[in-house]
Amino acid sequence: MPREVVDSASGLGVVILAAGQGTRMRSRLPKVLHRIAGQPMVQYVLDALSGWVDTKPILVVGHGADQVQSALGEVVIYALQQPQLGTGHAVLQARSALEGQCDTVLVLYADMPLLSSDTLRSLVGLHRAQSEPVTMLTCVREDSMGFGRILRDSAGLVTAIVEEAQATPAQLAIRELNPGVYCFNSRWLWDHLPRLPLSPKGEYYLTHLVGLAVSEGHIVQGIAVADATETFGINTRVHLSHAENIVRQRIREALMLSGVTLLDPDSTYVETGVTVGRDTTIYPNTHLQGRTHIGEECHIGPNSIIRDSTIGHRCRLLASVVEEAQLEDDVSVGPFAHLRKDAYLASGVHMGNFGEIKNSRLGPGTKMGHFSYVGDAQIAADVNIGAGTITCNFDGAQKQTTIIEEGAFIGSDTMLVAPVRIGKRARTGAGSVVTRDVPPGSVVYGVPARPKKTAGQ
Ligand code: UD1
Ligand code: CA
């Protein structure tokens, strides 16, 4: 397809159909909210429109409308289709929002996550370069995936689209398919949609508009998409897994081309929107999810899950789970560490094996080597947290805070019964149960911990 791209898409209205039940997904979740590389599939369609379409798309919703609306919010305008009487009827629901607002209407289905914005822009550009009422994409593919067939006459002109369920054996053999992306002259569309005939299945098929235009003497251009993977439509969870593979592979390739080493791309799972800095190496079986951002020259994995977290430069993370946490530069974590919501590790922190941190800040250079739980704590710089230290942060009713000041030394197996404060450079003996604040520079030990008497006291 020629890459004739429109400079401005003003005057363009977009209708995305998402009201169908998606029966073949066999799911309570509306089809368009099923996730691909971490994003609802409809988000990919919205992404392909963003940056060049300056009007909000109209999303036609029906089945699971509430769920779709709460998942997507205000990024689209909703049109409700109730009941769902087919794709033609669905587009009609966008009429009140669009009529008189635009000269061209682009219609596409929400279950096509692999479409590129280049393809959509080319279609709009070609449609606008001539004066026919309908222009559409087609694709040529061996696997029909249930798509409608494109019928052409002996001169090669498109005459109609026939649905797979209604196709004759000869028509079924046609390999040129209807991906379901169309550009219409706005006035013609609103004029003709109400005239669609009822199909044998009791629906109004948008695809009938093609035959209708041809019967009026118009020429419908069917433009074959160069890369047929773009026109992949999701009807089942098998299709979903194929799309998942394709999107993940695109993400991995983009990462590698941007300077990230993936030791085993196939076992590296990176969601859409994750960023990774140059010269970072990602080891096998690592999952980078949600709003995760990783700096340069890090070593991440193997066997790690990072979700909604920010990791600085030169960090090492081995066999660990990191959720909604933040790491500054030069932090090392793991193996077998768990960072939970609002864990913040300042630069140079070392967190070794079997540790857990939640809603706590560890200051620069602080070390927590082995088997510790730190929750609801503020820990300053250069603190040593001995093996087996626990912040007893829950008194049965409320979460309480532990404060540890700079340079303190927490002996192995210390229980810090919060609320409690350990002063600057104070020390706790191994096995202490600290129930009261420890003054700066002092030493406590025992159960409950009491000050160590020095000579002369
Ligand atoms: C449709 C096309 C078919 C095309 C295929 C490509 C028609 C009649 N057929 O078939 O030619 O090859 O897509 O994927 O258009 N929807 C509504 N309201 C409805 C019915 C459907 O909003 O009443 C939405 C669905 O949510 C979905 C899209 O329209 O996003 C397509 O519906 P679907 O049932 O998947 O159509 P296909 O049978 O795949
Ligand atoms: Ca479909």
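In this text the structure is predicted, and so the values were computed from the model without any measurement.

(A) Inspection of the sheet that holds strand β19 (residues 299–300) at higher detail. The strand order across the open sheet formed by twelve strands is β13-β16-β19-β22-β25-β28-β31-β34-β37-β40-β42-β43, and the pairing between neighbours is mixed. Each having just a single partner strand, β13 (261–262) and β43 (450–451) make up the two edges of the open sheet. Direction of pairing for strand β37 (residues 409–410) relative to strand β40 (residues 427–428): parallel, over a ladder of two bridges. For Phe409, the partnering residue across the bridge sits in β40 and is Arg427.

(B) The coordination of the calcium ion (ligand 2), seen in detail. Looking at the calcium ion (ligand 2), one finds its protein donor set to be Asp111 (OD) and Asn235 (OD1), positioned 2.6 to 2.8 Å from the metal centre. Taken as a pair, Asp111 in the loop between β6 (104–109) and α5 (117–128) and Asn235 in the loop between β12 (221–224) and α9 (237–257) lie far apart in primary sequence, 124 residues in all. The same class applies to Asp111 and to Asn235, which are both buried.

(C) The packing of aromatic side chains, seen in detail. If you walk through the whole model with that rule in mind, you get four aromatic pairs. Pairing Tyr182 with Phe184 gives two aromatic rings, centres 5.9 Å apart and planes at 25 degrees, and the pair type is stacked. Grouping residues by exposure puts Tyr182 and Phe184 together as buried. Ring centres of Phe336 and Phe354 lie 5.3 Å apart, and the angle between their planes is 20 degrees; on these two criteria the pair is classed as stacked. With Phe336 in the loop between β25 (332–333) and β26 (338–339) and Phe354 in the loop between β28 (350–353) and β29 (356–358), this pair connects stretches of sequence that are 18 residues apart. Residue classification places Phe336 among the partly exposed positions, given a relative accessible area of 48%. Through successive ring pairs, a cluster of aromatic residues spans Tyr109, Tyr182 and Phe184. If you follow Arg427 out to its NZ or CZ, it ends over the ring of Phe409, 4.6 Å from the centre. Directly above the aromatic system of Tyr445 lies the positively charged group of Arg450, at a separation of 5.2 Å from the ring centroid.

(D) How the structure looks around the domain arrangement of the protein. We note that the domain assignment places domain 1 (12–231) and domain 2 (239–451) within the protein. Taking only C-alpha atoms, the centre of domain 1 and the centre of domain 2 are 47 Å apart. The interface is formed by 13 residues belonging to domain 1 together with twelve residues belonging to domain 2. Of the roughly 990 Å² buried where domain 1 meets domain 2, counting both sides, 70% is carbon and sulfur surface. A per-residue breakdown of the area domain 1 buries against domain 2 is headed by Ile36, Ala37 and Leu114, which together make up 51% of the total. Where domain 1 meets domain 2, there are zero salt bridges. Of all the secondary structure elements, the ones that give two or more residues to the side of domain 1 that touches domain 2 are β2 (35–36) and α1 (41–49). Of the residues that constitute the side of domain 1 that touches domain 2, the class distribution is eight nonpolar, four polar and one charged.

(E) View of the site of ligand 1. Of all residues adjacent to ligand 1, which total 23 residues, the nearest are Gln81, Gly86, Thr87, Tyr109 and Asn178. In this structure, Gln81 approaches ligand 1 through a side-chain N or O atom, which is 2.7 Å from a nitrogen atom. The side chain of Thr87 places a nitrogen or oxygen atom 2.8 Å from an oxygen atom of ligand 1. In isolation ligand 1 exposes 760 Å². Once the protein is present, 89% of that is buried.

(F) Main features of the pairing of β28. Pairing between β25 and β28: two bridges, direction parallel. The partner of Ser332 across the bridge, within β28, is His350. As paired strands, β28 and strand β31 (residues 367–370) are joined by three bridges and run parallel to one another. The partner of His350 across the bridge, within β31, is Lys367.

Conventions and cut-offs
- Residues numbered from 1 in each chain as written.
- Chains lettered and ligands numbered in written order.
- Predicted model: local features only at pLDDT ≥ 70, side-chain atom pairs only at ≥ 80, totals over all residues.
- Heavy atoms only, no water.
- Pairing = 2+ DSSP bridges.
- Helix = DSSP H or I, 4+ residues; strand = E, 2+ residues; numbered from the N terminus.
- Donors = N, O, S within 2.8 Å, 3.2 Å for Na, K, Ca; no water.
- Buried < 20%, exposed > 50% of the residue type's maximum accessible area, 1.4 Å probe, protein only.
- Phe/Tyr/Trp six-rings, centres within 6.5 Å; stacked < 30°, edge-to-face > 60°.
- Lys NZ or Arg CZ within 6 Å of the ring centre and 35° of its normal.
- Domains from an automatic or database assignment.
- Contact = heavy atoms within 4.5 Å.
- Buried area = accessible area lost by both parts, 1.4 Å probe.
- Salt bridge = Lys/Arg side-chain N within 4 Å of Asp/Glu carboxyl O.
- Nonpolar A, V, L, I, M, F, W, Y, C, P; charged D, E, K, R; others polar.
- Near = heavy atom within 4 Å.
- Polar contact = N/O pair within 3.5 Å; in protein donor to acceptor, adjacent residues only side chain to side chain.
- Areas by Shrake-Rupley, 256 points an atom, 1.4 Å probe, with all protein chains shown as cover.

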